[in-house]
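The residues making up each chain are set out below.
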There are 2 protein chains.
Amino acid sequence: MAGHTVRSFDEELRHLRDIIARMGGMVESQLALATTAMVKRDVALATRVVETDPQVDAMDREVSHHVVKLLALRQPMAGDLRLIVGSMRIASDLERIGDYAANVAKRSLVLAQNPPSVSYGPIERMGRMVQEMLKDTLDAFATDDAAKAMSVWRRDEAVDEMYSSLFRTLLTYMMEDPRNITPCTHLLFIAKNLERIGDHATNIAETIHFAVVGEEPEGERPKGDTSSLAAADVGGSSDAS
Amino acid sequence: MAGHTVRSFDEELRHLRDIIARMGGMVESQLALATTAMVKRDVALATRVVETDPQVDAMDREVSHHVVKLLALRQPMAGDLRLIVGSMRIASDLERIGDYAANVAKRSLVLAQNPPSVSYGPIERMGRMVQEMLKDTLDAFATDDAAKAMSVWRRDEAVDEMYSSLFRTLLTYMMEDPRNITPCTHLLFIAKNLERIGDHATNIAETIHFAVVGEEPEGERPKGDTSSLAAADVGGSSDAS
């Protein structure tokens, strides 16, 4: 409420956390709405998600500018510095998640015109899984909870596996009936978008871990996506990934 | 050659620029090799590209650590600060480009097993286009050339348009012959990877512009990708993008 232009360093950090939290909430809601728009074939809702995207982009730029200003005017050290630099990374991951959610919404516009004859069940489940990951990541950021962040990190493998399995299933549907090709291709890209959202949530989890603990998480990031090597009917390509 | 551990600030900045240049060169070569591996069905080459990816990831982390150290120990101002913070963004974009190149290589392993009955011509052209964009971006970074960076920025629209057109063509091939479905789906994702590489080169161009000039490029980023709204045979969906 105060009209002060001079804020204390703590207030500046608080402000930075607030922008990220608001941006996170916005992206969370976009992702949930995009999934709903797809399943319900709700064109108006899908359009709204697409139209909200520029706001998220603008917040990413706001974070960047704020970070550069903070670094220039204060000389943050250790944990504060990691938080400030980490915020820029997190905002950029959130911005990408917003883009992917908008793309899901765009593709659900086509799906509303060319409804596939396949169940939305698996892709909806995948959507819910990455929504949970994003939610827990944002909670972990708000509470500096490195352990919670790591629980997200470990869940990414399950999303990757779901994606690989969905990829094969969709290819098989396309083989069975050429009328499935257009809608299933869009479902394939929607699944890919969700998988990428999981990756970005995992990036954010890593950034939080580094900001809080001062070290990268130990070990390789678990990976379950073998779809790049998939042929339609579970063609047993020896996995190089 | 000197064994000094204390470097001048200028030397530190020079070192940062060197890491980015080396990382850029590595990613450039990965992208070129991945495209060649695809066209020539060269399994050994594709495997090499996939195996190089962790090196690029390690360089991204090296840049982050170096940036955090520089920010903590020096108090960079204005242009130096923008360069330092921008380097972190550029490294992260390069890391993503490396990932996409590795994914092209992975998918070309499947394509070598399931060769599509379609010409590689258009996708090879798209590959060359984004290679040029990446090259010019790295040149612009090395010479602080904001105008050259902007020329890359403007070229992204053509890549998007190429991708949209390729997307429709590939869908049509899949409709014509179900045996095309598996290989053309991988080609579809390869095209998407190349389109994303174009986006990341464009991100880097924006970062260079900001680092050199101190301002974001003016105007909206030109966009030509309408594939999210595409049905197979140029289904005239009114474009919302």
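Residues numbered from 1 in each chain as written. Chains lettered and ligands numbered in written order. Predicted model: local features only at pLDDT ≥ 70, side-chain atom pairs only at ≥ 80, totals over all residues. Heavy atoms only, no water.

Taking an unreviewed UniProt entry as the reference, chain A is identified by name as Phosphate-specific transport system accessory protein PhoU belonging to Elioraea tepida. According to its UniProt record, chain A has this under Function (unreviewed entry): "Plays a role in the regulation of phosphate uptake." Under the Subunit (unreviewed entry) heading, UniProt states for chain A: "Homodimer." (UniProt positions renumbered as here; feature names shortened; annotations may be inferred.)

Peer 1: An account of the overall build of chain A is requested, with residue identities and associated values reported.
Peer 2: Counting secondary structure elements, chain A contains six helices and zero strands. Moving toward the C terminus, one meets the helices and strands of chain A in the order α-α-α-α-α-α. For 241 residues, the compact-globule estimate of 2.2 N^0.38 gives 18 Å, and the C-alpha radius of gyration of chain A, at 20 Å, lies within 12% of that figure. With respect to the three principal axes, the spread of C-alpha positions in chain A is 65 × 45 × 25 Å. Taken across its 241 residues, chain A has 55% of its residues classed as buried. Of the contacts made within chain A by residues no fewer than 6 positions apart, 82% connect residues no fewer than 24 positions apart. (Helix = DSSP H or I, 4+ residues; strand = E, 2+ residues; numbered from the N terminus. Rg over C-alpha atoms; globule rule 2.2 N^0.38 Å. Buried < 20%, exposed > 50% of the residue type's maximum accessible area, 1.4 Å probe, protein only. Contact = heavy atoms within 4.5 Å.)

Peer 1: I'd like to hear about the nonpolar core, residue by residue, with values.
Peer 2: Membership of the largest hydrophobic core comes to 146 residues, with the highest contact counts inside it found for L94, I123 and L187 of chain A together with L94, I123 and L187 of chain B. Apart from residues lying up to four places away in sequence, L94 of chain B is in contact with I20, M23, G24, V27, V56, L134, L138 and I204 of chain B. (Core = buried A, V, L, I, M, F, W, Y, C linked by side-chain atoms within 4.5 Å.)

Peer 1: Summarise the relation of the copies chain A and chain B; cite the residues concerned and give the values.
Peer 2: With an RMSD of 0.0 Å, the fit of chain A onto chain B corresponds to turning through 180° and sliding 0.0 Å along the axis. Overall, the copies show the geometry of a two-fold rotation axis. In terms of C-alpha distance to the rotation axis, chain A has Q75 of chain A as its closest residue, with the C-alpha 3.4 Å off the axis. Taken as a fraction of all interface residues of chain A, those also at the interface in chain B reach 98%, which identifies the copy contact as same-surface. (Least-squares fit on C-alpha atoms with pLDDT ≥ 70 in both.)

Peer 1: Would you mind going over the UniProt feature "domain: PhoU" (unreviewed entry) in chain A in detail, with residue names and values included?
Peer 2: Residues and elements named next belong to chain A. As recorded in UniProt, the sites labelled "domain: PhoU" (unreviewed entry) are residues 20-107 and 123-207. Between the end C-alpha atoms of residues 20-107 the distance is 27 Å, and the span holds 93% helix and 0% strand. Split by type, residues 123-207 is 93% helix and 0% strand. Its first and last C-alpha atoms lie 28 Å apart.

Peer 1: With reference to specific residues and values, describe the environment of L109 of chain A.
Peer 2: Locating L109 of chain A in the fold gives a position in helix α3 (residues 78-113). A residue is classified by how much of its surface remains accessible, and L109 of chain A, at 12% relative accessible area, is buried. Linking L109 of chain A and V152 of chain A, residues 43 residues apart in sequence, is a C-alpha distance of 30 Å. Setting aside chain neighbours within four positions, we find L109 of chain A in contact with V43, A46 and T47 of chain A together with L229 of chain B.

Peer 1: Which residues make up the packing of aromatic side chains, and what are the values?
Peer 2: Within this structure, the stated rule accounts for five aromatic pairs over all chains. Judged by centre distance (4.6 Å) and plane angle (10°), the rings of F189 of chain A and F189 of chain B are stacked. Of the two residues, F189 of chain A is situated in helix α6 (residues 181-213) and F189 of chain B in helix α6 (residues 181-213); the pairing between them involves two chains. Among the residues examined, F189 of chain B registers a relative accessible area of 2% and is labelled buried. Considering the side-chain rings of Y163 of chain B and F167 of chain B, the 6.0 Å spacing of their centres and the 70° angle between planes classify their relative orientation as edge-to-face. (Phe/Tyr/Trp six-rings, centres within 6.5 Å; stacked < 30°, edge-to-face > 60°.)

Peer 1: Give a detailed account of helix α2 (residues 43-73) of chain B, specifying residues and quantitative values.
Peer 2: Residue and element names in this part refer to chain B. Helix length check: α2, at 31 residues, gives a terminal C-alpha distance of 47 Å against a target of 45 Å (1.5 Å per residue), a fit within 8%. The sharpest bend along α2 reaches about 25° and sits at T52, with the proline P54 one to four residues further on. For α2, the side-chain oxygen to backbone nitrogen distance between the N-cap and A44 is 3.2 Å, and the N-cap itself is D42. (Expected span 1.5 Å × (residues − 1). Bend = angle between axes of the 7 residues up to and from the residue. Polar contact = N/O pair within 3.5 Å; in protein donor to acceptor, adjacent residues only side chain to side chain.)

Peer 1: So what's going on with the interface of chain A and chain B? Residues and values would help.
Peer 2: Across the contact, 45 residues belong to chain A and 44 residues belong to chain B. By the criterion of area lost to chain B, the three top residues of chain A are R89, F189 and S228 of chain A, representing 14% of everything that side buries. If you look at where chain A meets chain B, you find two salt bridges. For the pair chain A and chain B, the number of links is four residue pairs in polar contact (both at pLDDT 80 or more). Where the side of chain A that touches chain B is concerned, the elements lending two or more residues are α2 (43-73), α3, α5 (146-176) and α6 of chain A. When residues in the side of chain A that touches chain B are grouped by element, the largest group, twelve residues, is from α3 of chain A. Its residues assigned to classes, the side of chain A that touches chain B comprises 24 nonpolar, twelve polar and nine charged. (Buried area = accessible area lost by both parts, 1.4 Å probe. Salt bridge = Lys/Arg side-chain N within 4 Å of Asp/Glu carboxyl O. Nonpolar A, V, L, I, M, F, W, Y, C, P; charged D, E, K, R; others polar.)

Peer 1: Before we move on, could you go through the packing of α5 of chain A against α6 of chain B and cite the residues and values that matter?
Peer 2: Their axes nearest at 10 Å, the elements α5 of chain A and α6 of chain B cross at an angle of 130°. The pairing of α5 of chain A with α6 of chain B is recorded here as oblique in orientation. Read as a crossing pair, α5 of chain A and α6 of chain B show a hand that is right-handed. In this structure, α5 of chain A contributes Y163, F167, L171, M174 and M175 of chain A to the contact, and α6 of chain B contributes I181, T182, T185, H186 and F189 of chain B. (Axes fitted to C-alpha atoms, helices over the stretch in contact; angles between N-to-C directions. Parallel < 35°, antiparallel > 145°, perpendicular 65-115°, else oblique. Left-handed = near helix turned anticlockwise from the far one by under 90°.)

Peer 1: Now, about the environment of A91 of chain B: what can you tell me, with residues and values included?
Peer 2: Residues and elements named next belong to chain B. Assignment of secondary structure puts A91 in helix α3 (residues 78-113). Sequence-wise, A91 and F9 are 82 residues apart; in three dimensions their C-alpha atoms are separated by 20 Å. Apart from residues lying up to four places away in sequence, A91 is in contact with I20, M23, D60 and V63.

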